[in-house]
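# A closer look at the structure
For reference, the chains in residue letters:
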Amino acid sequence: MKVVFDEIRLNTEKRKELVEITKQVAGIVAGSNITNGICVVYATHTTTAVVVNENEQGLKEDIVRKIEEDFPRGSGWQHDKIDDNADAHLAGAFIGPSMIIPVKGSALVLGTWQSIFTLELDGPRSRRILVEVLGE
Amino acid sequence: MKVVFDEIRLNTEKRKELVEITKQVAGIVAGSNITNGICVVYATHTTTAVVVNENEQGLKEDIVRKIEEDFPRGSGWQHDKIDDNADAHLAGAFIGPSMIIPVKGSALVLGTWQSIFTLELDGPRSRRILVEVLGE
Amino acid sequence: MKVVFDEIRLNTEKRKELVEITKQVAGIVAGSNITNGICVVYATHTTTAVVVNENEQGLKEDIVRKIEEDFPRGSGWQHDKIDDNADAHLAGAFIGPSMIIPVKGSALVLGTWQSIFTLELDGPRSRRILVEVLGE
């Protein structure tokens, strides 16, 4: 069994934003010398999530709009007394920081329309996304 | 270490629907010759999610009703200009396509009330669910 | 490859509640003799979820408030005719029972603000959280 770790560093530009990272993750898988296994894409942050969906410009805007509608900033949250970003923590907690994608034949198993994204919920910030490839 | 891949093919019948796949996943685990490890249940689609919960007819209807209430179709989404299914992408992005279930003693670790479902969000369609068993 | 299973037992005290389990999970990882791999934290229940976020008292109250707002009890759910907890199943289905955290250098990879929680949705109850460490 082999385990390979790498990380993706990125600087987000907006408060809420989807940043595609499929190519970087695929490159780490390709360089891992692992043929079959899994890839863990993991954000080491509490106001960032990892999602898999289609990279279409309108849809990316829809996802941000939906997050803003469902998790509006400044709704009297307790955490806002300490740090004005409870909305970002709530969305991060429910969507989650961890995504597992199968690795088969030395490549990520992704459907035709599937791309991997970092979902920034409290940017702009510097973010680190850990990528772990485990297999044989 | 061993890695076994298989897939479940299914044809959904409604736009939004829960289809239980526990038996098929359990059968793949049983046939994998893997005693201890993990099972990844992964939908290679952007308008399908994988969920684990109770298979009770009323609850399945409640889950579909809740999805329809929280992700109503045709709310002025940008993606609807391209393909009239932004609601399905949004629910799929937030709930997610990937579920990991422990494998112990050659069987899935599932609680008494836990069943595995494909959550169809934009059917009826033909769907492929990848099942990967990794372990020893 | 090694696979180690253990479990965390806890008794929740409220209907909806976040119970931090980071130390227990970290202790299982430390005792596993696994250097690099993954840790699966898995609730074998349909009205419990596993989340990773910040352990700040106000934020924990915000998360519970948000769950209660988004999944209000007694909204005419079908499942309430059988068992008066459809709200708990709905939140559990959408947030999910399974969380994967990388293990590197014999420790969980957690960001500065990341803690692991059991999210009780239908307590008070006795709960079992399975912890699986897989790696080398």
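Residues numbered from 1 in each chain as written. Chains lettered and ligands numbered in written order. Predicted model: local features only at pLDDT ≥ 70, side-chain atom pairs only at ≥ 80, totals over all residues.

### Describing helix α1 (residues 22-30) of chain A
Residues and elements named next belong to chain A. Listed in full, the buried residues belonging to α1 are V25, I28 and V29. Buried positions in α1, seen along its axis, are confined to an arc of 100° and lie on one side of it. Structurally, α1 contributes buried residues whose contacts are with β1 (2-11), β3 (37-43), β5 (98-104), β6 (107-108), β7 (115-120) and β8 (126-135). (Buried ≥ 20, exposed ≤ 12 C-beta atoms within 10 Å, placed from the backbone. Helix = DSSP H or I, 4+ residues; strand = E, 2+ residues; numbered from the N terminus. Arc of directions from axis to C-beta. Contact = placed C-beta atoms within 7 Å.)

### Thoughts on the confidence of the model for chain A
Predicted confidence across chain A gives a mean pLDDT of 98, with 100% of residues reaching 70 or more. Scoring the predicted complex yields pTM 0.98 and, for the interface, ipTM 0.97. (pLDDT = per-residue confidence, 0-100.)

### Quick notes on the interface of chain C and chain B
Chain C puts 25 residues into the contact, and the matching count from chain B is 28 residues. Broken down by secondary-structure element, the contributors of at least two residues to the side of chain C that touches chain B are β1 (2-11), β3 (37-43), α3 (86-95), β5 (98-104) and β8 (126-135) of chain C. When residues in the side of chain C that touches chain B are grouped by element, the largest group, six residues, is from α3(C). Taken together, the residues of the side of chain C that touches chain B break down into 15 nonpolar, eight polar and two charged. (Nonpolar A, V, L, I, M, F, W, Y, C, P; charged D, E, K, R; others polar.)

### A closer look at the packing of helix α2 (residues 57-70) of chain A against helix α3 (residues 86-95) of chain B
In contact at an axis separation of 10 Å, α2(A) and α3(B) are set at 65° when each is read in the N-to-C sense. Note on packing geometry: the crossing formed by α2(A) with α3(B) is right-handed. Facing A:L59, A:D62, A:I63 and A:K66 of α2(A), the residues of α3(B) in contact are B:A86, B:H89, B:L90 and B:A93. Of the residues that constitute the contact of α2(A) with α3(B), the class distribution is five nonpolar, one polar and two charged. (Axes fitted to C-alpha atoms, helices over the stretch in contact; angles between N-to-C directions. Left-handed = near helix turned anticlockwise from the far one by under 90°.)

### Concerning the interface of chain A and chain B
Interface extent is often summarised as the accessible area lost during association of the parts. Across the boundary between the two partners, chain A contributes 28 residues, which contact 25 residues of chain B. By residue number, the principal contributor to the side of chain A that touches chain B is α2(A), which donates six residues. For the side of chain A that touches chain B, the per-class residue count stands at 14 nonpolar, seven polar and seven charged.

### Looking at the pairing of strand β8 (residues 126-135) of chain B
Residue and element names in this part refer to chain B. Among the 10 residues of β8, eight are classified as buried, and the element is accordingly described as predominantly covered. In terms of strand pairing, strand β1 (residues 2-11) meets β8 through 10 bridges, oriented antiparallel. Bridging across to β8, N11 finds its partner in S126. In the sheet, strand β3 (residues 37-43) pairs with β8 via seven bridges, with the strands oriented antiparallel. Bridging across to β8, I38 finds its partner in L134. (Pairing = 2+ DSSP bridges.)

### Description of unusual backbone geometry
In this structure, A:P124 follows A:G123 across a cis peptide bond, with omega equal to -5°. Inspection of the secondary structure assignment puts A:P124 in the loop between β7 and β8. Positive phi outside glycine occurs at B:N33, with the angle close to 60°. Examined against the element boundaries, B:N33 turns out to sit in the loop between α1 (22-30) and β3.

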